Amino acid sequence: MGKGDGEMQAARRAMVQEIADEVRATRKHLGKDALDPRVMAAMGKVARHAFVPQVNWSNAYENRPQPIGHGQTISQPYMVAVMSDLAAVAPADRVLEIGTGCGYQSAVLAELAARVFTIEVVPELANQAAERLRGLGYDNIDVRIGDGALGWPEHAPFDAIVVTAAAWHRVPPALIEQLAPGGRLVVPVDRSKAAARYPFTAQRQDLLLVSKDARGKVSERSVLPVAFVPLVEGGTG
Ligand code: SAH
């Protein structure tokens, strides 16, 4: 263990504590006091600092989103934990993530699932994330460049789908289609009026948990108000 690893570990432990505190503070939304211990263990394990530029290592474990370049952000640790918890990922599950970004949420999901498929629309981010994840030893993550709103039909169905950018008014139909019976889809949906979409839509996004039962019947629950960057849809067509 090199010098600095101990510091990073301590910072990570403090981050996990902050997540636990924020979960308790938002228990009314979440409907529980604590997240799945497997999710909290994954948050305590993944080296978040490896996903941000080295100049930002000293604050990599703060419980807030941070800029990572290309106008994009690394999600807030609390939000990564909550979404992973809502996705209720079991060890044998196959998970689809939309919006790889730096790959942090992909890594957390990879700690919980058998295999993670993740799609990023910005090629540079996808390539960097794939290289970073390989370097960190994650061999159960497939990164693809493309429009995640279309899903990844070749690998469907998925036991869980996590979307880390806000869809416009409705859940992309391809994602509901590619959800396995019994599956969970976690997705922020922007319900603001068109004219109000830019620049400040943060307060109008709802984090939805969409569930498909064993017979294929779909239901949804709005969990929490959230703030994500927009999901780019139809940009490649
Ligand atoms: N999962 C990341 C958060 C990424 S922010 C984390 O763990 O921190 C959201 C990402 O979604 C951005 O990188 C953005 O480029 C990407 N994105 C936006 N629209 C997309 C689309 N249609 N398909 C795939 N990725 C998309």
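Everything here concerns the structure above.
Residues numbered from 1 in each chain as written. Predicted model: local features only at pLDDT ≥ 70, side-chain atom pairs only at ≥ 80, totals over all residues. Heavy atoms only, no water.

Engineer: Residues and numbers for the overall build of the chain, please.
Structural biologist: Helix and strand counts for the chain stand at seven helices and ten strands. For a compact globule of 237 residues, the expected C-alpha radius of gyration is about 18 Å, and the chain comes in at 17 Å, within 12% of that figure. C-alpha atoms of the chain, sized along the principal axes, occupy 50 × 40 × 40 Å. For the chain, with 237 residues in total, the buried portion stands at 49%. Counted over contacts in the chain with a minimum sequence separation of 6, partners at least 24 positions apart contribute 60%. Accessible surface computed for the chain: about 11,100 Å², of which carbon and sulfur atoms make up 54%. Here the chain carries 26 positive and 26 negative side-chain charges, and the mean point of each set is 4 Å from the other. (Helix = DSSP H or I, 4+ residues; strand = E, 2+ residues; numbered from the N terminus. Rg over C-alpha atoms; globule rule 2.2 N^0.38 Å. Buried < 20%, exposed > 50% of the residue type's maximum accessible area, 1.4 Å probe, protein only. Contact = heavy atoms within 4.5 Å. Areas by Shrake-Rupley, 256 points an atom, 1.4 Å probe, with all protein chains shown as cover. Lys, Arg positive; Asp, Glu negative; His and termini not counted. Charge placed at Lys NZ, Arg CZ, Asp CG, Glu CD.)

Engineer: Account for the site of the ligand, naming residues and giving values.
Structural biologist: Surrounding the ligand, one finds 26 residues, the nearest of these being Ser75, Gly99, Glu120, Gly148 and Val232. Between the ligand and Ser75, the relevant distance is 2.8 Å, taken from an oxygen atom to a main-chain nitrogen or oxygen of the residue. The separation between a nitrogen atom of the ligand and a polar side-chain atom of Thr164 is 3.1 Å. Contact with the protein chains removes 99% of the 580 Å² of surface that the ligand exposes when unbound. At the level of secondary structure, the elements contributing two or more residues to the shell around the ligand comprise strand E2 (72-74), strand E3 (94-98), helix H5 (104-112) and strand E4 (115-120). (Near = heavy atom within 4 Å. Polar contact = N/O pair within 3.5 Å; in protein donor to acceptor, adjacent residues only side chain to side chain.)

Engineer: Outline the nonpolar core, supporting the account with residue identities and numerical values.
Structural biologist: With 53 residues, the main nonpolar core has Met43, Tyr104 and Leu207 as its most contacted residues. Contributing elements (two or more residues each) for this core: helix H1 (5-25), helix H3 (37-45), helix H4 (77-86), H5, helix H6 (123-135), strand E6 (158-163), strand E9 (205-212) and strand E10 (218-226). The dominant element in this core, judged by the number of residues it contributes, is H4, at seven residues. Ranked by size, the runner-up nonpolar core spans 20 residues in total, among them Phe117, Val163, Ala165 and Leu175. (Core = buried A, V, L, I, M, F, W, Y, C linked by side-chain atoms within 4.5 Å.)

Engineer: Can you tell me about the pattern of salt bridges, naming the residues and giving the values?
Structural biologist: Per the counting criterion, the structure on display carries eleven salt bridges. We note a salt bridge from Glu62 to Arg64, for which the minimum N-O separation is 2.7 Å. With relative accessibility at 32%, the residue Arg64 sits in the partly exposed group. The shortest N-O distance in the salt bridge between Arg115 and Asp142 comes to 2.9 Å. In this pair, Arg115 sits in strand E4 while Asp142 sits in strand E5 (residues 141-145), placing the two residues 27 residues apart along the sequence. Judged by its relative accessible area of 33%, Arg115 is partly exposed. Via salt bridges that share partners, Arg191, Asp206 and Glu220 belong to a single interconnected network. (Salt bridge = Lys/Arg side-chain N within 4 Å of Asp/Glu carboxyl O.)

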